[in-house]
Amino acid sequence: MRRAVCPGSFDPVTNGHLDVIGRAASRYDELVVAVLVNDAKQGLFSVSERIELLTAATAGWDNVVVDSFTGLLVDYCTARGVDTVLKGIRASADFDYELQMAQMNRELAGIETVFLPANPAHSYLSSSLVKQVARFGGDVRRFVPESVHVRLVEKVATRD
Ligand code: PNS
């Protein structure tokens, strides 16, 4: 069985993430989308909200599983019996850091990383930029699933 873990912060999931998840889901028997629990960094959405939004957004792929993890990604992969990490690459700016992490993860535990190039239509998208645009009242509807859009608008309205 071909399985891969697609890790990330997903704060929140964007259409760019979903493009990569969908393309990866068609190439693996099971794709585990794993949300990092990072106590050192407060996100806009809690981990349970991110999982809820990801679960709704990936409901159309029956081989996609949404989960969360703490600590090292390689320990999570090893515990799940998965030896492949799947990451999307938007631009060359992503590549240097992603390459470093991929090499570290292979060195630590023999976990290989497969990179999928982002669809150019989404290559400028990031969760951070979407949150920034939403905070200042910009329309982010076309960058995220509708369920995320609704929650994002609520969040930024109650936060400031
Ligand atoms: O969506 P992001 O923030 O780009 O995802 C980064 C993530 C979660 C993939 C990365 O920070 C990670 O793997 N963190 C877990 C801790 C870890 O294993 N660190 C060593 C990486 S070599």
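For the structure, check the block above.
For the structure given in this document, a descriptive report is provided here. Every value quoted in this text rests on a predicted model; they were computed, and no experiment measured them.

Counting through the fold element by element, Gly43 comes out in the loop between strand 2 (30-36) and helix 2 (47-57). Distance from Gly43 to Pro12, taken between C-alpha atoms, is 9.0 Å for residues 31 residues apart in sequence. Other than its neighbours up to four places away in sequence, Gly43 contacts Asp11, Arg50 and Arg159.

What follows is about the pattern of salt bridges. In this structure the tally under the stated criterion is twelve salt bridges. In this structure, Lys87 engages Glu98 in a salt bridge whose closest nitrogen and oxygen atoms are separated by 3.1 Å. With Lys87 in strand 4 (residues 84-89) and Glu98 in helix 4 (residues 92-109), this residue pair connects regions lying eleven residues apart in the sequence. Across the pair Arg141 and Asp139 runs a salt bridge, and its minimum N-O distance is 3.9 Å. Salt bridges here are not isolated pairs; linked through shared partners, they connect Glu49, Glu52, Arg151 and Lys155.

Compared with the 20 Å implied by 1.5 Å per residue over 14 residues, the 20 Å span of helix 6 (residues 146-159) between its first and last C-alpha is a close match. Within helix 6, burial applies to Val148, His149, Leu152 and Val156. Projected onto a plane normal to the axis of helix 6, the buried residues spread over an arc of 100° and lie on a single side. Relative to its buried face, helix 6 has exposed residues pointing more than 90 degrees away, namely Ala157 and Thr158. In the core, the buried residues of helix 6 are packed alongside helix 2 and helix 5 (127-135).

Rules and cut-offs
- Residues numbered from 1 in each chain as written.
- Predicted model: local features only at pLDDT ≥ 70, side-chain atom pairs only at ≥ 80, totals over all residues.
- Heavy atoms only, no water.
- Helix = DSSP H or I, 4+ residues; strand = E, 2+ residues; numbered from the N terminus.
- Contact = heavy atoms within 4.5 Å.
- Salt bridge = Lys/Arg side-chain N within 4 Å of Asp/Glu carboxyl O.
- Expected span 1.5 Å × (residues − 1).
- Buried < 20%, exposed > 50% of the residue type's maximum accessible area, 1.4 Å probe, protein only.
- Arc of directions from axis to C-beta.

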